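# Notes for the structure review
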Amino acid sequence: MNKNIKNAFTLAEVLITLAIIGVVAALTIPTLITNYQQQEWVVQFKKNYSIINRITNLAIMDYGSMAGWALGEVDNGADAVRYVQTYMAPYLRIAKDCEDSTEGDCGYTTRGLNGTPSMPIDGRFAKLYLADGSLLGFRIYDNTSTRKRVLIVFDSNGQKKPNIYGKDIFYMLHVIAFDNRTDARGKLVSAGGGGAIDSVNDSNSACKKSGRGYYCGHVIMQNSWKIPSKEEYVRLGGSIEEYPW
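Below you will find a few notes about this structure. (Residues numbered from 1 in each chain as written. Predicted model: local features only at pLDDT ≥ 70, side-chain atom pairs only at ≥ 80, totals over all residues. Heavy atoms only, no water.)

## Description of the pattern of salt bridges
The following threshold applies: For salt bridges, the criterion is a side-chain nitrogen of Lys or Arg within 4 Å of an Asp or Glu carboxyl oxygen. Strands here are runs of E lasting at least two residues and helices are runs of H or I lasting at least four, both read from the DSSP assignment and numbered beginning at the N terminus. Residue exposure (1.4 Å probe, protein chains only): buried if accessible area is under 20% of the type maximum, exposed if over 50%, otherwise partly exposed.
Taken as a whole and assessed by the stated rule, the structure comprises 6 salt bridges. Notably, a salt bridge pairs R82 with D79, separated by 1.9 Å at the nearest N-O pair. You can see R82 and its partner D79 sitting in helix α2 (residues 77-88), 3 residues apart, about one turn around the helix. By relative accessible area, which is 49% here, R82 ends up partly exposed. A salt bridge links D122 to R124; the nearest nitrogen and oxygen atoms lie 3.1 Å apart.

## Side note on unusual backbone geometry
A cis amide bond links K161 with the next residue in sequence, P162, at an omega value of 20 degrees. Its location among the elements puts P162 in the loop between β4 (147-155) and β5 (169-178).

## Quick word on the side chain of S134
Our working definition: The criterion used for residue contact is that any of the two residues' heavy atoms lie within 4.5 Å.
Its location among the elements puts S134 in the loop between β2 (126-130) and β3 (135-143). With relative accessibility at 0%, the residue S134 sits in the buried group. Aside from chain neighbours lying at most four places away, what touches S134 is Q44, N48, L128, Y129, D155, S156 and G158.

## A short note on the state of the cysteines
Under the convention used in this document: Put simply, a disulfide is two cysteine sulfurs that come within 2.5 Å.
All told, the structure shown has 2 disulfides when counted by the stated rule. The partner cysteine of C98 in its disulfide is C106, sulfur to sulfur 2.1 Å. As the torsion about the S-S bond is roughly -70 degrees, the C98-C106 disulfide counts as left-handed. For C98, a relative accessible area of 5% corresponds to the buried category. A relative accessible area of 4% places C106 in the buried class. Between the sulfur atoms of C207 and its disulfide partner C216 the distance amounts to 2.1 Å. Given an S-S torsion of about 95 degrees, the disulfide between C207 and C216 has right-handed geometry.

## A closer look at the packing of aromatic side chains
The condition is simple: Only centres within 6.5 Å qualify two rings of Phe, Tyr or Trp (six-membered ring in Trp) as a pair; their planes then separate them into stacked at under 30 degrees, edge-to-face at over 60, and tilted for everything else.
With the rule as written, the count across this model stands at 13 aromatic pairs. A centroid spacing of 4.3 Å and a plane angle of 15 degrees characterise the contact between F45 and F170, whose relative ring orientation is stacked. Taken together, the positions of F45 in helix α1 (residues 11-63) and F170 in strand β5 put the pair 125 residues apart, joining distant regions of the chain. Of the residues examined, F45 reaches a relative accessible area of 0% and is grouped as buried. Taking the relative accessible area as the measure of exposure, F170 reaches 2% and is therefore buried. Between the aromatic rings of Y165 and Y214, the centroid separation amounts to 5.0 Å while the plane-to-plane angle is 80 degrees, which identifies the pairing as edge-to-face. With Y165 in the loop between β4 and β5 and Y214 in the loop between α3 (196-201) and α4 (216-222), the pair connects residues that are 49 residues apart, well separated along the chain.

## With respect to the pairing of β2
Just so we agree on the cut-off: Strands qualify as paired when DSSP identifies two bridges or more between them.
Burial analysis of β2 places 5 of its 5 residues in the buried class, the great majority of the element. What you see with β2 is no split at all: A126, L128 and L130 on one side and K127 and Y129 on the other are buried throughout. Of the pairings in the sheet, the one linking strand β1 (residues 94-99) to β2 comprises 4 bridges and is antiparallel in character. What sits directly across from K96, in β2, is Y129. Here 4 bridges tie β2 to β3, and the two strands are oriented antiparallel to one another. Bridge pairing links L128 to L136 in β3. Between β2 and the antiparallel strand that follows it, β3, lie 4 residues; G133 among them carries a positive phi value of about 90 degrees.

## Some words on the nonpolar core
Spelled out, the test is: To define a nonpolar core, start from buried Ala, Val, Leu, Ile, Met, Phe, Trp, Tyr and Cys residues and group those joined through side-chain atoms within 4.5 Å.
I52, Y83, V84, M88, F138, F154 and W245 are the most contacted members of the largest nonpolar core, which totals 45 residues. For this core, the elements supplying multiple residues, two or more each, are α1, α2, β2, β3, β4, β5 and α4. Among the elements that make up this core, the one with the highest residue count is α1 (7 residues). Apart from the residues lying within four places of it in its own chain, the contact partners of V84 are A89, P90, A126, L128 and F138. Y108, F125, V175 and A191 belong to the second largest nonpolar core, which has 20 residues in total.

Purely spatial values, then, with no claim about function.
Have a look at this one:
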């Protein structure tokens, strides 16, 4: 018997193994990257939410109850700028103040989860970039005797894509007065705050594949600040077919 014979992989076996590894990597790595990006967006959303809560409380200490805050004309960019420069900006570390400009990275188009154009970051918003690259946009949304609200957009990575509500963009509301939401007056609340089930099913703003994704922030908050798995999404009232992530 020839004792010098050694066991080894043939070239064909090595190539087949590498091919299998390549296929597995091609199938799994994009999913891992997407999951990581989504988690980063949610972490930034939570951070920005905490920042707005904190500076709102500081502004209340200096200016009194939000009920007395001046809003101005609905969808008027200049009035939104005055609101921000009075009540928000003094308490923030700002990298860039766009005011209501739409030049360069100060204005861009956005989409809903369903792929349709949705609430662009435009001249209706007073916009601030923070040092971490996230953007805060403020828009006078309601200003009547019974409804006074300021819409606040959180874009976790600014002008960078995908610029989709429910993914890297979320929004909240400064509720100064609202006739049928007395529990929300004087607070920062999530859009779609009627409940998680409403937020995944109700209207075309809902957090579902066929919706615009405006209510996804509320769903994530209700799920302990995490994007729900498919099973969690179903428990929150959604359907597998409408799972948006």
